[in-house]
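Residue-level structure breakdown
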Amino acid sequence: AELAGRRVAGQRGFGVGVFGATGVVSSSVVADTADVDGRFGDGVGAFRQLRPGRLELRDLRVTRSVRAGVSNHGAQVSLEGTELVCQAFDLDGEPFDGEPFRFEDLGGNGCGCPEASDPCVAVSAGLAPPAPLPPVEPAEDE
């Protein structure tokens, strides 16, 4: 999946999430992501579920997430030209089902508040991922 040239604002839980798939988010803004009953609130999330997740972030601006600007649960996330501005913390990395998380810095990234003028640092805060998605049931022919 690819999301380009978009503004995603005021979402709950996750502004953008990639679950066990490959995704690219480019030339976009993710703003004001709120929590759901005190949980989550991440601007962008990448998750390993059933298979590896891979997410490329290019020329992205994430602002004012309640929790993490980018959370990574056992997936691979690359960042290039990405600004993470004013969240509780910028990058969260957590293993998932024994698989490590990976962040790849391709350059031109910045983090901080009120400006993205500092280097981005990943932390492991012991955050839990959301519950796995249920399997997709095939549609019945009518």
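Reference entry: report on the structure contained in this document. (Residues numbered from 1 in each chain as written. Predicted model: local features only at pLDDT ≥ 70, side-chain atom pairs only at ≥ 80, totals over all residues. Heavy atoms only, no water.)

Here we look at the sheet that holds strand 3 (residues 14-19)
Read from one edge to the other, the open sheet built from five strands follows the order 3-5-7-10-13, with strand pairing classed as parallel. The two strands at the open ends of the sheet, each matched to only one other strand, are strand 3 and strand 13 (122-123). (Pairing = 2+ DSSP bridges. Helix = DSSP H or I, 4+ residues; strand = E, 2+ residues; numbered from the N terminus.)

Describing the state of the cysteines
All chains considered together, the criterion is met by two disulfides. Note on cysteine connectivity: Cys86 is disulfide-linked to Cys113, with sulfurs 1.9 Å apart. Since a negative S-S torsion denotes a left-handed disulfide, the Cys86-Cys113 link at about 90 degrees is right-handed. With Cys86 in the loop between strand 9 (83-85) and strand 10 (89-94) and Cys113 in the loop between strand 12 (110-112) and strand 13, the pair connects residues that are 27 residues apart, well separated along the chain. A relative accessible area of 22% means that Cys86 is categorised as partly exposed. When the cysteines of the protein chain that form disulfides are numbered from the N-terminus onward, they connect as 1-3, 2-4. (Disulfide = S-S within 2.5 Å. Buried < 20%, exposed > 50% of the residue type's maximum accessible area, 1.4 Å probe, protein only.)

Let's talk about the environment of Glu83
Tracing the backbone through its elements, the reader meets Glu83 in strand 9. Taking the relative accessible area as the measure of exposure, Glu83 reaches 32% and is therefore partly exposed. As for Glu83 and Glu115, which are separated by 32 residues in sequence, their C-alpha atoms are 8.7 Å apart. With sequence-adjacent residues up to four places away left out, Glu83 is seen in contact with Leu60, Arg61, Val62, Gly110 and Ala116. (Contact = heavy atoms within 4.5 Å.)

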